[in-house]
Amino acid sequence: MAGLTLKVTNRSRKGLKRLPPSIQLSSDATIEDAKIALAKAAKVSDYNRIGIFDPVSKKTVKDRKSLVREQAEIVKHGELLVKDLGPQIGWRLVYVIEYLGPLIFHPLFLSLRNQFYPALYPLLKNILPPAARNASGELSLAQQAAFAMITAHFVKRELETLFLHKFSANTMPFAYVFRNSFFYWAAAGLLGALEIYAPFSPAALAPNTLTPLTYAGIALYVIGELGNFDVHYYLAHLRKPGETARKIPRGHGFGLVTCPNYMFEVIAWIGIILVARSPSLVLFISIGSYFMYTWGWGKEKTYRKQFGDKYKKKRYVMLPGLL
């Protein structure tokens, strides 16, 4: 098959001044190969700075392993839209940083609770319910369980990021690390730890025995975590080494929703919430569900566009009968 000769259009306001007017690529060139060739021609040291965009939709082509010849609009118009994305940071490192926040804040608040909360109590005593005013300073069973469940969840996330997940893109703009990390550090980390380990929190005032609610929460947590890992493992091995074509995921919950990994994620957090009785974690997973729903519909639209009649359309993207 003959190679591709494509016009190169620079969308950057600044940067990439040495881009060639056109570029010759082999028939089996991937998006990543095109970035490497463009970076070499433009004398750019990090090819990940170069973003390639669809000439019609103007959306970035995210899958670096996809073949250029399979990008219909690029081939039809014979054009690569290129932009300097600025300093980059690896996707894997971004995820490690995101999940690190809760792993810092929860042990921190737990270790300092005997010093921090007595100082905070005088400021809150007039607005706390009567039961909270006489709360013990000892960790309740619910608080201990919540700490173990949240810590295990984010340790699992870190291990999956380091050893399991495969990313369609190598990097993202460096500035995004602050935006992406804020949610986990602030909501699941700072706010969650601040509330859960307080001696007057709902978790502290929960019955200090294993109640049916606690058993239900633990059961949902285990189902959610195991199901989430199963989907992640399946997706990581969906394409065999050397394959570039996308595949339709089947089984593992994909018959129910577009993104069963999101479904199991929510199930696991519902389990944590039932054990911890935590309003802050309700807020965290509610906001998180909005983003997962948005990402899920994006995936559903991509599947429908890419696979056409081969793909069975889903009505719900993450929670059967709800979202």
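Structure: see above.
Residues numbered from 1 in each chain as written. Predicted model: local features only at pLDDT ≥ 70, side-chain atom pairs only at ≥ 80, totals over all residues. Heavy atoms only, no water.

A word on the side chain of His165. Within the element layout of this structure, His165 appears in the loop between helix H5 (141-163) and strand S6 (171-173). In contact with His165, other than residues within four places in its own chain, are Arg92, Glu160 and His232. (Helix = DSSP H or I, 4+ residues; strand = E, 2+ residues; numbered from the N terminus. Contact = heavy atoms within 4.5 Å.)

A separate point is the packing of helix H9 (residues 260-276) against helix H10 (residues 279-307). For the pair H9 and H10, interaxial distance at closest approach is 11 Å and the crossing angle is 175°. By the angle class used here, H9 and H10 are roughly antiparallel. Where H9 approaches H10, its residues Tyr262, Glu265, Val266, Trp269, Ile272 and Ile273 are matched on the opposing element by Leu281, Val282, Phe284, Ile285, Ser289, Met292, Trp295 and Gly296. Taken together, the residues of the contact of H9 with H10 sort by class into 11 nonpolar, two polar and one charged. (Axes fitted to C-alpha atoms, helices over the stretch in contact; angles between N-to-C directions. Parallel < 35°, antiparallel > 145°, perpendicular 65-115°, else oblique. Nonpolar A, V, L, I, M, F, W, Y, C, P; charged D, E, K, R; others polar.)

Inspection of the secondary structure assignment puts Lys17 in the loop between strand S1 (4-10) and strand S2 (22-25). Assessed through its relative accessible area of 68%, Lys17 is described here as exposed. Remark: the alpha-carbon pair of Lys17 and Glu265, spanning 248 residues in sequence, is separated by 45 Å. (Buried < 20%, exposed > 50% of the residue type's maximum accessible area, 1.4 Å probe, protein only.)

A few words on a nonpolar patch on the surface. Where nonpolar side chains cluster on the molecular surface, the patch consists of Leu191, Leu283, Ile287, Tyr290, Phe291 and Trp295 and spans about 590 Å² of accessible area. Looking at the element boundaries, Ile287 is found in helix H10. (Patch = residues over 30% accessible without salt bridge, like charges linked within 9 Å, V, L, I, M, F, W, Y side chains within 5 Å. Areas by Shrake-Rupley, 256 points an atom, 1.4 Å probe, with all protein chains shown as cover. Salt bridge = Lys/Arg side-chain N within 4 Å of Asp/Glu carboxyl O.)

Positive charge collects at one region of the surface, where Lys59, Lys62, Lys299, Lys301 and Lys305 lie side by side. Summarising the element assignment, Lys62 is placed in the loop between strand S3 (50-53) and helix H2 (72-77). (Lys, Arg positive; Asp, Glu negative; His and termini not counted. Charge placed at Lys NZ, Arg CZ, Asp CG, Glu CD.)

The next point concerns the nonpolar core. As a rule of thumb, soluble globular proteins bury nonpolar side chains together. Counting residues in each nonpolar core, the largest one holds 46 residues, and the members touching the most others are Ile196, Trp269 and Phe284. Among the secondary structure elements, those contributing two or more residues to this core are helix H3 (91-124), H5, helix H6 (176-196), helix H8 (212-236), H9 and H10. A per-element tally of this core places H9 first, with 10 residues. Excluding residues that lie within four positions of it along the chain, Phe284 makes contacts with Phe183, Tyr184, Ala187, Ala188 and Trp269. Counting residues in each nonpolar core, the second largest holds 21 residues, with Ile31, Val44, Ile52 and Val82 among its members. (Core = buried A, V, L, I, M, F, W, Y, C linked by side-chain atoms within 4.5 Å.)

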